[in-house]
Amino acid sequence: MQVRQMQKDEHGFFLDMLYESIYILSDKPSKEALLSSDGMKKYHENWGRPGDEVLVAEEDGELLGAVWYRQFTKDNPGYGFVSADVPDWHGG
(Lines give C-alpha, C1' and ligand atoms only; values in the text may rest on other atoms or scores of the structure.)
Protein backbone atom coordinates (compact mmCIF):
# COMPACT_ATOMS: atom_id res chain seq x y z
CA MET A 1 0.00 0.00 0.00
CA GLN A 2 1.13 3.53 -0.78
CA VAL A 3 0.01 6.80 0.79
CA ARG A 4 0.38 9.85 -1.44
CA GLN A 5 -1.07 13.24 -2.23
CA MET A 6 -4.31 13.22 -4.17
CA GLN A 7 -4.04 14.02 -7.86
CA LYS A 8 -6.42 16.59 -9.38
CA ASP A 9 -8.28 13.94 -11.40
CA GLU A 10 -9.11 12.09 -8.14
CA HIS A 11 -11.25 14.89 -6.70
CA GLY A 12 -14.39 12.77 -7.20
CA PHE A 13 -12.90 10.10 -4.92
CA PHE A 14 -12.28 12.77 -2.28
CA LEU A 15 -15.96 13.81 -2.52
CA ASP A 16 -17.01 10.16 -2.16
CA MET A 17 -14.85 9.81 0.96
CA LEU A 18 -16.14 13.10 2.39
CA TYR A 19 -19.71 11.86 1.94
CA GLU A 20 -18.94 8.47 3.49
CA SER A 21 -17.25 10.13 6.48
CA ILE A 22 -20.48 11.91 7.46
CA TYR A 23 -22.23 9.70 9.98
CA ILE A 24 -26.01 9.84 9.69
CA LEU A 25 -27.72 6.84 11.22
CA SER A 26 -30.86 6.77 9.07
CA ASP A 27 -32.34 8.57 6.07
CA LYS A 28 -28.96 9.90 4.95
CA PRO A 29 -29.48 12.34 2.06
CA SER A 30 -27.92 11.60 -1.31
CA LYS A 31 -24.31 12.60 -1.85
CA GLU A 32 -25.36 15.48 -4.11
CA ALA A 33 -27.94 16.82 -1.62
CA LEU A 34 -25.71 16.51 1.43
CA LEU A 35 -22.55 17.95 -0.10
CA SER A 36 -24.45 20.87 -1.63
CA SER A 37 -25.99 21.86 1.72
CA ASP A 38 -24.82 25.16 3.20
CA GLY A 39 -23.12 23.48 6.15
CA MET A 40 -21.11 21.07 3.98
CA LYS A 41 -20.09 23.21 1.00
CA LYS A 42 -17.38 24.88 3.07
CA TYR A 43 -15.62 21.51 3.37
CA HIS A 44 -15.03 21.05 -0.37
CA GLU A 45 -15.82 24.14 -2.44
CA ASN A 46 -12.80 25.71 -4.14
CA TRP A 47 -10.62 22.81 -3.02
CA GLY A 48 -6.91 23.38 -3.47
CA ARG A 49 -6.58 26.71 -1.73
CA PRO A 50 -3.66 27.21 0.71
CA GLY A 51 -4.32 25.07 3.79
CA ASP A 52 -6.07 22.24 1.90
CA GLU A 53 -4.54 18.77 1.76
CA VAL A 54 -5.72 15.27 0.80
CA LEU A 55 -3.69 12.09 1.18
CA VAL A 56 -5.00 8.91 -0.43
CA ALA A 57 -4.18 5.28 0.26
CA GLU A 58 -3.68 3.23 -2.89
CA GLU A 59 -2.89 -0.39 -3.54
CA ASP A 60 -2.42 -1.99 -6.96
CA GLY A 61 -3.94 1.10 -8.61
CA GLU A 62 -7.08 1.05 -6.44
CA LEU A 63 -7.87 3.97 -4.12
CA LEU A 64 -8.76 2.60 -0.69
CA GLY A 65 -9.29 5.64 1.53
CA ALA A 66 -8.31 9.20 2.24
CA VAL A 67 -7.54 11.64 4.99
CA TRP A 68 -7.76 15.40 4.54
CA TYR A 69 -7.65 18.73 6.24
CA ARG A 70 -8.70 22.27 5.54
CA GLN A 71 -7.86 25.40 7.45
CA PHE A 72 -10.63 27.82 8.34
CA THR A 73 -10.75 31.32 9.77
CA LYS A 74 -12.45 32.68 12.85
CA ASP A 75 -14.89 34.50 10.55
CA ASN A 76 -15.71 31.31 8.62
CA PRO A 77 -15.15 28.40 11.04
CA GLY A 78 -15.65 24.71 10.37
CA TYR A 79 -17.43 22.42 12.85
CA GLY A 80 -14.17 21.50 14.57
CA PHE A 81 -12.67 25.00 14.54
CA VAL A 82 -10.00 25.64 17.20
CA SER A 83 -7.99 28.45 15.64
CA ALA A 84 -6.86 29.65 12.20
CA ASP A 85 -3.52 27.82 12.55
CA VAL A 86 -5.09 24.44 13.45
CA PRO A 87 -6.58 22.51 10.48
CA ASP A 88 -9.96 20.80 10.63
CA TRP A 89 -9.26 17.20 9.55
CA HIS A 90 -11.30 14.16 8.53
CA GLY A 91 -10.86 10.77 6.94
CA GLY A 92 -12.83 8.17 5.10
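Now for a look at the structure at hand. (Residues numbered from 1 in each chain as written. Predicted model: local features only at pLDDT ≥ 70, side-chain atom pairs only at ≥ 80, totals over all residues. Heavy atoms only, no water.)

1. Quick look at the side chain of Arg-70
Looking at the element boundaries, Arg-70 is found in strand β3 (residues 62–70). Within the local environment of Arg-70, its side chain forms a polar contact with the backbone oxygen of Lys-42, the two atoms lying 2.7 Å apart. Of note is the side chain of Arg-70, whose polar atom sits 2.8 Å from the side chain of Asp-52. Not counting chain neighbours up to four residues away, the residues in contact with Arg-70 comprise Lys-42, Tyr-43, His-44, Glu-45, Asn-46, Trp-47, Gly-48, Arg-49, Gly-51, Asp-52, Pro-87 and Asp-88. (Helix = DSSP H or I, 4+ residues; strand = E, 2+ residues; numbered from the N terminus. Polar contact = N/O pair within 3.5 Å; in protein donor to acceptor, adjacent residues only side chain to side chain. Contact = heavy atoms within 4.5 Å.)

2. Points about the nonpolar core
Phe-14, Leu-35, Met-40, Val-54, Ala-66 and Trp-68 are the most contacted members of the largest nonpolar core, which has 18 residues in total. Among the secondary structure elements, those contributing two or more residues to this core are α1 (11–21), α2 (31–35), β2 (52–59) and β3. With six residues, α1 is the largest single contributor of residues to this core. (Core = buried A, V, L, I, M, F, W, Y, C linked by side-chain atoms within 4.5 Å. Buried < 20%, exposed > 50% of the residue type's maximum accessible area, 1.4 Å probe, protein only.)

3. Quick look at a nonpolar patch on the surface
Together, Val-3, Leu-55 and Val-67 give the surface a local cluster of nonpolar side chains, amounting to about 230 Å² of exposed area. Here Val-67 is to be found in strand β3. (Patch = residues over 30% accessible without salt bridge, like charges linked within 9 Å, V, L, I, M, F, W, Y side chains within 5 Å. Areas by Shrake-Rupley, 256 points an atom, 1.4 Å probe, with all protein chains shown as cover. Salt bridge = Lys/Arg side-chain N within 4 Å of Asp/Glu carboxyl O.)

4. A word on unusual backbone geometry
One non-glycine residue with positive phi stands out, namely Asn-46, at about 55°. Its place among the elements puts Asn-46 in the loop between α3 (38–41) and β2. We note that Asp-60 has phi near 50°; this positive angle belongs to a residue other than glycine. Here Asp-60 shows up in the loop between β2 and β3.

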